[in-house]
Amino acid sequence: TGLEMGKPQLDFKLSREGIAAGLTSADLASQVRSAFYGAEAFRQQRGRNEIKVMVRLPKGDRETMHSVEEMIIQSPTGGEMPLMRAADVEVGRAYTSIIRTDGKRTMRVMAEVDDKQANPEEVLASVMKNNLPKLKAEHPGLGFGLSGRQRDNRDFMNYLWVAFPLAL
């Protein structure tokens, strides 16, 4: 779990031309967000209620890819350039959920091994010895660990090493 793909999204990455114009990722994100979600132009308190006035593109313009393609971005120096020149835009998909453990993104990989076809311990040992180190070398920062029945078995064996001598 943790890798199910969700809604379509647009991924923006500053182009060389955008960087040369002095744009930052924050500038780009702020301008695109303001155009599609809205920027607060005015806030007024009326009794118990607070009224916010948001400025954004008309609804029809927020529903098409053409609006993104035609959007103009303002550089910090006051110049303007088309969004499609300021950034590389890719259509991607958002994750439905992101699972974190100790602040790190995690994903759970589960497998069932047919006992009649292979020995589960041998399969696990092979994956731990051959496959996971290669993945770790290809993706710096990647870590892996056991959970479920495998972790319970390991914890039990560690307990036996302590409890067995005491029982004797």
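Trainee: Would you explain a nonpolar patch on the surface in this entry?
Mentor: A cluster of nonpolar side chains, contributed by F156, M157, Y159, L160, W161, V162 and L166, occupies part of the molecular surface with about 850 Å² of accessible area. You can see V162 is positioned in helix α7 (residues 149-167).

Trainee: Can you walk me through the nonpolar core in this structure?
Mentor: Nonpolar side chains in soluble globular proteins tend to end up buried together. Judged by nonpolar contacts, L14, L23, L28, V32, A35, V68, M71, I73, M81, L83, A86 and A87 together constitute the single largest core of 12 residues. Elements supplying a minimum of two residues to this core: α2 (25-36) and α5 (83-86). In terms of residue count, α2 provides more of this core than any other element does, 3 residues in total. Setting aside its immediate chain neighbours within four residues, L23 contacts L14, G18, Q31, I73, Q74, S75, P76, M81 and A86.

Trainee: So what exactly am I meant to see when it comes to the pattern of salt bridges here?
Mentor: Side-chain pairs of opposite charge can arise where the charged atoms are in close proximity. What the rule picks out here adds up to 3 salt bridges. Where R43 meets E40, a salt bridge forms, and the shortest distance between an N and an O atom there is 2.7 Å. Residue E40 is classed as partly exposed on the basis of its relative accessible area of 38%. A salt bridge links R43 to E50; its shortest N-O distance comes to 3.3 Å. For E50, a relative accessible area of 42% gives the class partly exposed. Several salt bridges converge on common partners, so that one network encompasses E40, R43 and E50.

Trainee: It is not clear to me how α2 should be interpreted in this structure. Could you clarify?
Mentor: Think of an α-helix as turning once every 3.6 residues; residues three or four places apart then point the same way. Helix length check: α2, at 12 residues, gives a terminal C-alpha distance of 17 Å against a target of 16 Å (1.5 Å per residue), a fit within 8%. Along α2, the residues that are buried comprise L28, V32 and A35. One face of α2 carries all of its buried residues, which in axial projection span an arc of 65 degrees. G38 sits one or two positions beyond α2 and adopts a positive phi of about 125 degrees.

Trainee: Sorry, what's going on with the confidence of the model for the chain here?
Mentor: Interpretation of the predicted coordinates at a detailed level should be avoided for regions scoring low in pLDDT. Looking at the chain as a whole, the pLDDT averages 84, with 93% of positions reaching at least 70. Across the chain, element-level confidence peaks in strand β5 (residues 80-82) with a mean pLDDT of 94 and bottoms out in α7 with 76.

Trainee: Can you help me understand the pairing of strand β3 (residues 49-55) in this one?
Mentor: The two faces of the sheet receive side chains in turn, since in a regular strand these alternate between them. In the sheet, strand β2 (residues 39-46) pairs with β3 via 7 bridges, with the strands oriented antiparallel. Bridge pairing in β3 links A39 to V55. Remark: 2 residues form the turn of the hairpin made by β2 and β3, two consecutive strands paired antiparallel; G47 in that turn has positive phi of roughly 65 degrees.

Trainee: Mind showing me how you'd approach the side chain of S67 here?
Mentor: With respect to the helices and strands, the residue S67 is situated in helix α4 (residues 65-70). A relative accessible area of 12% places S67 in the buried class. Those residues within four positions of S67 in sequence are excluded, and the remaining contacts are F36, D61 and R62.

Calculation criteria
Residues numbered from 1 in each chain as written. Predicted model: local features only at pLDDT ≥ 70, side-chain atom pairs only at ≥ 80, totals over all residues. Heavy atoms only, no water. Patch = residues over 30% accessible without salt bridge, like charges linked within 9 Å, V, L, I, M, F, W, Y side chains within 5 Å. Areas by Shrake-Rupley, 256 points an atom, 1.4 Å probe, with all protein chains shown as cover. Salt bridge = Lys/Arg side-chain N within 4 Å of Asp/Glu carboxyl O. Helix = DSSP H or I, 4+ residues; strand = E, 2+ residues; numbered from the N terminus. Core = buried A, V, L, I, M, F, W, Y, C linked by side-chain atoms within 4.5 Å. Buried < 20%, exposed > 50% of the residue type's maximum accessible area, 1.4 Å probe, protein only. Contact = heavy atoms within 4.5 Å. Expected span 1.5 Å × (residues − 1). Arc of directions from axis to C-beta. pLDDT = per-residue confidence, 0-100. Pairing = 2+ DSSP bridges.

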